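# Residue-level structural notes
Now for the letters of each chain:
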Amino acid sequence: MSQEEYTMIEAERLCKTFGNFVAVRDVSLRVKAGGVLALLGPNGAGKTTTVRMLSGILVPTAGQARIAGLDVVTHAVEIRRRVGVLSELPGLYLRSTAREYLDFFGSIYGLPQADRQARITELMMQFGMSEVLNRRLSEFSKGMKQKLALIRTMLHDPEVLLLDEPTSAMDPQSARLVHDALRQLRDQHRRSIVLCTHNLVEAEMMADHIAIIRRGQIVAEGSPSELKAQLLGRPLMEVRFAAPMNGTLGALRERLEVESHGDTWVRYWSNNPASENPPLLHWLSEQRVDVVTLSEVPRSLEEVYLRVVEQPIGQEN
Amino acid sequence: MAAITVNQSSVSWFSGMWLIVRRELRDTFRDWRMITPIVMLTVFFPVLMTWAAGVAQNFVNRFDTPLIAERLIPFLMLIVGFFPISFSLVIALEAFVGERERKSLEPLLSTPLSDGQLYVGKMIASLVPALLAAFLGIGVYLLGLFVFRGWTPPPILLAQVSALTFMEGVVMVAGAVVVSSHSTSVRAANLLASFIIIPMAILVQVEAVILFQAIYDAMWGIVLALVVVALILIRMGVRLFNREELLGREIDSINLRNVFRRAGQYFVAVAPNQPRAHFNLSGIYRHHVPAALRRTKNAILAILVALGVSMVVAWAWGSQFSLPPGALDFSHFSSESFDSAATNFLLPSFTWHAVWWNNTRAVLLYFVTAFFSFGSLAIVLIMLPVAPIAFIGALVSNSGFNPVVFLAAFILPHGIFELPAAIIGAAAAVRVGASLINRDRSLTLGEGWWSAIMDFLKLMIFVVIPLLLLAAIFEVHVTPRVVCAVYGCGG
């Protein structure tokens, strides 16, 4: 099996209850090496509990999960060694300096002194924080604290990263640094990432697979385009012309399922853009109509998300 | 990125624990709110106590009562050690619940460190500064006394005070972990910490009395008791300080309605987490009571063992004595004799309701004492009336009478109801206290506690009280007749 096909994170019907409260119910997911799964959902949906189970912190009430083939219950310690977990809040020791803080965690993961220092310097530089290495964490801004927490997560070069809201407190520049770092981890180092986020743009940009979790259950999942197709229906296409259509609209209505139109544009539903659009362009060319653009009307992940989370329970699909 | 190859090696248990100790100590020593009072109590307070001891000594010498000063000096040594050691509680609350409140615990929980490493590391880190301060303070105090008064403590006293100071620190830190496990904020933990501070303050007063009475050997007894309490609290802390417990509890707020609803649910269900059962008396005796007894069986066993041991010891002790001649002469006995004998044992009168109320009150006392002793005092209390029976049995036997006949006449008629009732009541009470340290893993701590309380109530209402009622009626109306029938009452 190639590394790419190798499933790094695997969960089967994972459940977690606290007393009578069911936090996670029958969650199944799979992330291959180099894959990024975005876990979306409202607050209290069960994302954090899922991450805690995957990282060997909490024991599932039912179901199974494996990280790199290791069971999260029987190999919890080994899993915690191989996973990097970023919790929702940075949770730093404010009386320590950045170096002391990272050195402490590096020591826990058993990194030799020289490697530890080199790794700390390297990561601090990558995230533009080398100048504050010896500064007390109480002096750090919110975004800096979050970046430091992320550095802590990456310090021991884990095979799997479980990140809860990694960029929520960051300015756009810092967020871009983080996105770049995550892309590098994904593409060059084939690290697997689970990203819990409310930032839907981030999710769409980073993830190859998205799962929407609601009241402890996964209610929709797939690639961003699959989810859109699943939940928002057929793609809506828009063709724009160089000049007003005049008499062409009637003929177009016969060929297409027109949704709306203007003087120089038409929007239409397409069942299969790949097979329908080339003949359309060919026909327009024959009619001597100059086409400026033909594209799909962008539909955001936000629409998908809202459609799922606003639906009554049990009718998400 | 990641140009540097990262080589991980596993960290030994001790090294991992020691990393926690070092980090926690660094944090503590950087916090002026911790350091300032510790320094004050280490340096200034012992100097003040040295001066106070001198003033007191001069004062009492004027009245020719040097004994008071002699006894005061060891007590002040204890106080000089106790004040800084009380800071271990504050440091421990910061280390356990403070870290949880600041959300810095979760990154630690996601590392390969075990719950045990975290627990022990934090315990040691909480103890070290306070112990250092306490022993330094005692050192400063003793130095002052030596320099200005020429007084040196007897080595045994120094050992006792050191052991007490150390154990008080351990108990406070172990207690702080238990308190922390039930709170998610330092504020809530501080409120709960009064359950540690108040008993410790009472203990210091007891120690003061002992030191003023110069019963120094009793101090070892207190050390031993503190060791037992520390072991119980550590066991409880180890069970509570784990990832599941720490992350499963997110808020401190008490929902009274929910608490009482849950309690009511446990009362009307055969077992916790089972649906409410329809209330009918036969169902209570067919399902509820047997289920509650099954859950209480370990406590019943513990009580039977304790009673067995106490009876053997009491019998062995009683075998050394014999009754004076004529002590078992019942020729002048009458039913009034039972009445007067009973009123000597704190009963208002020898009536069935007085006997019943007295015995019911005793079982309720087991319940109350079990609350704050993890059940242990309930076991001690039930041994108190039972051991004398064995003692008297041995005396009777030594005096040439058949102890079986004696016990069968005096105890059996009502004891057949009273003893099972007392054992079941005490066992249910023991379970209430013990559920805090040895809980059912399928329930949360609070659920286990409520379940034990509800089982106590069920057993009390449907088993213990009716049995005690029968026992009281038999004790008043049947036992005297049996005694008279066996031994012959002349009066």
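Keep in mind that this is a model prediction, so the values were computed, not measured.

### Re the overall build of chain B
If you tally the helices and strands in chain B, you get 21 helices and 0 strands. Its C-alpha atoms give chain B principal-axis dimensions of roughly 95 × 70 × 40 Å. The buried share among the 491 residues of chain B stands at 49%. For chain B, long-range pairs separated by at least 24 residues make up 82% of all intrachain contacts whose partners lie at least 6 apart in sequence. Of the accessible surface of chain B, which amounts to about 23,400 Å², a share of 71% is contributed by carbon and sulfur atoms. Averaging the positions of the 31 positive and the 25 negative side-chain charges in chain B gives two centres separated by 8 Å.

### Description of the domain arrangement of chain A
Put simply, an interface is often sized by how much accessible area is lost when its parts join up. Per the domain assignment, the segments making up chain A are domain 1 (7-221) and domain 2 (236-296). For domain 1 of chain A versus domain 2 of chain A, the distance between C-alpha centres works out to 46 Å.

### Quick notes on the environment of L307 of chain B
All names here are of chain B. With respect to the element layout, L307 can be found in helix α14 (residues 297-318). With relative accessibility at 6%, the residue L307 sits in the buried group. With residues near it in sequence (within four places) discarded, L307 still touches I382, M383, V386 and I423.

### Let's talk about the domain arrangement of chain B
All names here are of chain B. Along its sequence, chain B is organised into domain 1 (13-248) and domain 2 (261-487). Contact with domain 1, which involves 8 residues of that partner, is made by 7 residues of domain 2. In this assembly, domain 1 and domain 2 are joined by 0 salt bridges. For the pair domain 1 and domain 2, the number of links is 0 residue pairs in polar contact (both at pLDDT 80 or more).

### Here's the deal with the pattern of salt bridges
Opposite charge on two side chains allows them to pair when their charged atoms are near. Per the counting criterion, the structure on display carries 30 salt bridges over all chains. Residue E238 of chain A pairs with R267 of chain A through a salt bridge whose shortest N-O separation is 2.8 Å. Residue E238 of chain A is located in strand β11 (residues 236-241), and its partner R267 of chain A is located in strand β13 (residues 265-269); the two are separated by 29 residues in the primary sequence. Here E238 of chain A falls in the buried class, since its relative accessible area comes to 11%. What you see here is one network of salt bridges that share partners, running through R95 of chain A together with R23, E24, D27, D31, R33, E99 and K122 of chain B.

### Side note on unusual backbone geometry
Glycine aside, the phi torsion of most residues is negative, and most peptide linkages are trans. All names here are of chain A. Backbone geometry places E165, a non-glycine residue, at a positive phi of 50 degrees. With respect to the element layout, E165 can be found in the loop between β7 (160-164) and α6 (172-187). Of note, R215 is a non-glycine position whose phi angle comes to about 50 degrees, a positive value. Along the chain, R215 turns up in the loop between β9 (209-214) and β10 (217-222). Under the relative-accessibility criterion, R215 is labelled exposed at 59%.

About the criteria used
- Residues numbered from 1 in each chain as written.
- Chains lettered and ligands numbered in written order.
- Predicted model: local features only at pLDDT ≥ 70, side-chain atom pairs only at ≥ 80, totals over all residues.
- Heavy atoms only, no water.
- Helix = DSSP H or I, 4+ residues; strand = E, 2+ residues; numbered from the N terminus.
- Buried < 20%, exposed > 50% of the residue type's maximum accessible area, 1.4 Å probe, protein only.
- Contact = heavy atoms within 4.5 Å.
- Areas by Shrake-Rupley, 256 points an atom, 1.4 Å probe, with all protein chains shown as cover.
- Lys, Arg positive; Asp, Glu negative; His and termini not counted.
- Charge placed at Lys NZ, Arg CZ, Asp CG, Glu CD.
- Domains from an automatic or database assignment.
- Salt bridge = Lys/Arg side-chain N within 4 Å of Asp/Glu carboxyl O.
- Polar contact = N/O pair within 3.5 Å; in protein donor to acceptor, adjacent residues only side chain to side chain.

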